[in-house]
Amino acid sequence: MKQVILKVDDFRLNDGLTKFEKLVAICERHSVPISMGVIGAGLKGGRFRSQQLFAQLIQADKLELWNHSFNHRDMTELDDATVAWEVAATTTACEQALAARPIGFGAPFNRCDDRVARIAHEQGMGFTFEVSLPRAVVLTPEYNVPFDGQPNLIEFQRRVERKQRPDLLVVQIHPGRWLTRGFDEIDACLTWLRDQGYSATTVGSLLNLQSGATKAVTAHDMLVAKLHDRWLSSASVLDSKLRNFSSYFLSRFRANSRPIRELLPSIDADLGARNVVDVGCGLGQWGLPFFEFNKDATVWAFDTNTVLCSTLAEARAERLIPYDLRVEQADFTTSTKLPAKGVDVVVCANALNYIPLAAFARQAQHIARDGAKLVFVNQTSAFNHQGVLDALGSSNLSMAKERALAELRQQVVRYGFAGFTPNRTTLTDAELEAVLFAFGFQLSDDFTPPWERSLAGSPTFSGTVFTRRAWLTLASLPDSARPEYRKLLCRAGHSALDDELFAASGMDSDDLTLWRLKARSGSPAPMLVPELEREHELGRLSDARDFAAVARFVMSSDSDSPEWLLAGAVAALAGEDGATARQLASRIAPAELAPKTHRLLQAACYLAESDARAASALLQS
Ligand SMILES: C[S@@+](CC[C@H](N)C(=O)[O-])C[C@H]1O[C@@H](n2cnc3c(N)ncnc32)[C@H](O)[C@@H]1O
């Protein structure tokens with residue numbers, strides 16, 4: 001769902017209420033709540049009428065107030081005590097003049113850093129625009145050429161389009177400066193946003209700041225609030241150790257903890273679990289809810305990151321987390337700390353793209369009791385497509401290239417050229433299922449994390465739950481299903497695992513498709529058929545990651561196989577050889593690739609030629 005926040009800056013009561021009331025009337029017509037920043041020094045002389053008006057609007061959820069400082073100065077240039085005074089004095093002025101409290105903070109000129117945000121938080125502000133909305137895109141419809149400061153629909157549309165119509169938009173306005181035509185234009189902008197599928201919200205409801213009144217506060221909510229406050233206050237120290245700690249991990253912890261807690265009972269996870277392992281735990285938002293379901297549980301939180309682990313361990317040592325949390329700063333796949341066959345639940349969210357799947361599965365098989373659950377949240381290929389659009393939206397050409405190439409490489413792996421990306425990051429559920437089957441896990445549930453984005457209806461993350469079944473062994477695979485199963489393993493990029501598992505199996509030697517996949521993986525296929533020799537040669541070059549040679553080999557082959565041509569084009573892109581990539585790509589008929597892949601390949605060729613505009617146009621067509 002696309003959401004928009006109407007951020008109104010610079011409200012001063014001593015400007016009078018006329019313009020404010022005009023804006024309210026327009027917003028009421030569009031059912032758009034107002035998120036308004038008040039300047040403390042402008043609130044002198046509050047009157048009964050303003051108090052009544054504001055109370056009514058706030059009560060009806062048509063208005064939220066945030067603190068925009070007292071003197072509207074650049075907070076990053078002031079010392080701690082002055083920043084604290086600016087915030088506190090504005091809150092007091094607001095309470096006196098408007099009989100209402102600001103619920104958050106927004107920095108003058110949008111100039112903010114973690115220190116300022118921390119101080120605002122210490123002064124009771126539930127959010128700071130500049131740090132609490134990491135994915136937000138702040139746009140103003142106010143036309144700055146020729147500097148008249150009035151909203152302008154056409155210009156606004158251009159700006160939103162340029163940002164690829166993001167899922168969350170913050171529309172920043174200054175109605176105190178508007179003429180009549182400014183109000184007419186904002187009316188048109190709001191109509192247009194609604195037509196684009198945007199629904200309006202406030203920061204309070206987006207971050208759940210006010211809904212606490214309607215939703216029961218759980219023990220987990222209290223734990224999260226306590227930890228979040230503690231970590232936010234030390235975020236500036238932590239940030240110097242780990243860049244973006246506060247804005248990435250902390251905001252994920254804050255934003256996702258409650259939805260994760262609410263999701264767990266609806267999936268096939270084991271809520272009463274005694275032994276839970278959170279792999280690549282970050283700040284533990286997946287492992288910690290299990291304490292609410294069973295306060296006697298033991299949760300092992302594994303992460304290789306020093307800062308995340310020490311942050312969690314400190315919270316445990318200070319008894320902020322009063323449960324049996326065991327923080328392990330270690331690689332999960334090689335740890336010997338866990339009890340063999342003693343674990344009930346393993347959660348691995350957004351981390352499998354860093355961890356080799358077979359090594360993960362081997363360890364999971366070793367520690368899981370019969371009936372244990374594995375819960376995964378993994379990126380889908382829509383995540384990569386979205387990543388390209390996001391990068392183009394922020395004019396980051398090299399990032400766009402990288403994301404497009406990452407996705408294309410994975411498509412090439414599906415044709416058997418495993419060397420293109422030894423560790424695939426966006427396995428389909430079927431591919432994941434194939435690999436985990438080899439280790440005795442059966443797919444038992446799937447879900448879509450509702451808090452993540454989707455691209456044209458395709459979710460960017462997918463959730464799966466597996467159950468350990470002691471009876472599930474490779475021997476239970478019927479002979480007739482084996483060749484298909486082995487192909488799936490190879491397409492998942494796990495041809496080496498197939499080699500290992502089926503080393504003794506000569507029975508599938510007549511399946512040419514399987515042997516083609518194996519030849520392409522570069523494995524020294526013992527039963528190599530002469531017609532696969534060239535496949536094997538290409539596979540060997542891919543496995544050696546000699547992409548220039550791969551591209552040359554395909555170019556000189558005159559092959560019209562779309563699989564070879566895609567491999568050649570992607571290899572050329574990997575070597576930044578846009579001309580060869582385009583030549584090979586142009587030989588693939590659109591119908592021979594999935595439409596999304598075909599478009600992405602063409603777009604990647606444009607990107608290799610630094611034509612971001614053409615790439616954007618193509619991807620949005
Ligand atoms: C994107 S974060 C995910 C954090 C959290 N699970 C979440 O959903 O927000 C991935 C984490 O995996 C950790 N990680 C990477 N390789 C790991 C390994 N072999 N064992 C344990 N943790 C690992 C990283 O340090 C990182 O904190």
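In short, a report on the structure. A quick note: this is a predicted structure, and the numbers were derived from the prediction, not measured.

**Structural notes on the packing of helix α15 (residues 381-393) against helix α25 (residues 595-608)**
Link 1 in the chain: For the pair α15 and α25, the least separation of the axes is 12 Å and the interaxial angle reads 35 degrees. For the pair α15 and α25, the crossing hand works out as left-handed. Facing Ser381, His385, Val388 and Leu392 of α15, the residues of α25 in contact are Lys596, Leu600 and Leu607.
Link 2 in the chain: For the contact of α15 with α25, a count of residues per class yields four nonpolar, two polar and one charged.

**Thoughts on the sheet that holds strand β11 (residues 343-349)**
Link 1 in the chain: In spatial order, the strands read β10-β9-β8-β11-β12-β16-β13; together these seven strands make up an open sheet with mixed pairing. Whereas interior strands pair on both sides, the edge strands pair on one side only; in this sheet they are β10 (324-328) and β13 (441-447). Across the sheet, the axes of successive neighbouring strands diverge by a mean angle of 20 degrees, strand direction being ignored.
Link 2 in the chain: Sheet topology places strand β8 (residues 275-279) next to strand β9 (residues 298-302); five bridges connect them, and they run parallel. Bridge pairing in β9 places Asp278 opposite Ala301.
Link 3 in the chain: Contacting β9 and β10, helix α13 (residues 306-317) runs over the sheet at an angle of about 155 degrees to β10.
Link 4 in the chain: Its contacts with the sheet place helix α14 (residues 357-367) against β8, β11, β12 (368-379), β13 and β16 (461-468), and it is angled at close to 150 degrees to β12.

**Side note on the site of the ligand**
Link 1 in the chain: The environment of the ligand is made up of 21 residues, and the closest members are Arg252, Gly280, Asp303, Ala349 and Asn350.
Link 2 in the chain: Residue Asp303 places a side-chain N or O atom 2.4 Å away from an oxygen atom belonging to the ligand.
Link 3 in the chain: If one sorts the elements of the shell around the ligand by residue count, helix α11 (residues 245-263) sits on top with three residues.
Link 4 in the chain: Of the residues assigned to the shell around the ligand, the class counts are 12 nonpolar, six polar and three charged.

**Side note on the nonpolar core**
Link 1 in the chain: Phe20, Met36 and Phe54 are the most contacted members of the largest nonpolar core, which has 44 residues in total.
Link 2 in the chain: Per element, the largest residue contribution to this core is six residues, and it comes from helix α7 (residues 180-195).
Link 3 in the chain: One finds Ala400, Leu600, Cys605 and Ala615 within the second-largest nonpolar core, a separate group that totals 43 residues.

**As for the packing of aromatic side chains**
Link 1 in the chain: With the rule as written, the count across this model stands at 23 aromatic pairs.
Link 2 in the chain: For the pair Phe360 and Phe376, a centre-to-centre distance of 5.4 Å together with 50 degrees between the ring planes defines the contact as tilted. Of this pair, Phe360 sits in helix α14 while Phe376 sits in strand β12, and the two are 16 residues apart along the sequence. Phe376 carries the same exposure label as Phe360, and that label is buried.
Link 3 in the chain: When the centroid spacing of 5.7 Å and the interplanar angle of 40 degrees are considered together, the rings of Phe553 and Trp564 count as tilted. Separated by 11 residues along the polypeptide, Phe553 in helix α22 (residues 547-557) and Trp564 in helix α23 (residues 562-574) bring together distant segments of the chain.
Link 4 in the chain: Exposure remark for Phe553: the relative accessible area of 18% places this residue in the buried category.
Link 5 in the chain: Residue Trp564 is classed as buried on the basis of its relative accessible area, which comes to 4%.
Link 6 in the chain: Through successive ring pairs, a cluster of aromatic residues spans Phe302, Phe332, Phe360, Phe376 and Phe466.
Link 7 in the chain: Its guanidinium or amino end placed over the ring of Phe441, Arg468 lies 5.9 Å from that ring's centre, counting from NZ or CZ.
Link 8 in the chain: Across from the ring centre of Tyr606, 4.7 Å away, lies the NZ or CZ of Arg582, which sits over that ring.

How each quantity is defined
Residues numbered from 1 in each chain as written. Predicted model: local features only at pLDDT ≥ 70, side-chain atom pairs only at ≥ 80, totals over all residues. Heavy atoms only, no water. Axes fitted to C-alpha atoms, helices over the stretch in contact; angles between N-to-C directions. Helix = DSSP H or I, 4+ residues; strand = E, 2+ residues; numbered from the N terminus. Left-handed = near helix turned anticlockwise from the far one by under 90°. Contact = heavy atoms within 4.5 Å. Nonpolar A, V, L, I, M, F, W, Y, C, P; charged D, E, K, R; others polar. Pairing = 2+ DSSP bridges. Near = heavy atom within 4 Å. Polar contact = N/O pair within 3.5 Å; in protein donor to acceptor, adjacent residues only side chain to side chain. Core = buried A, V, L, I, M, F, W, Y, C linked by side-chain atoms within 4.5 Å. Buried < 20%, exposed > 50% of the residue type's maximum accessible area, 1.4 Å probe, protein only. Phe/Tyr/Trp six-rings, centres within 6.5 Å; stacked < 30°, edge-to-face > 60°. Lys NZ or Arg CZ within 6 Å of the ring centre and 35° of its normal.

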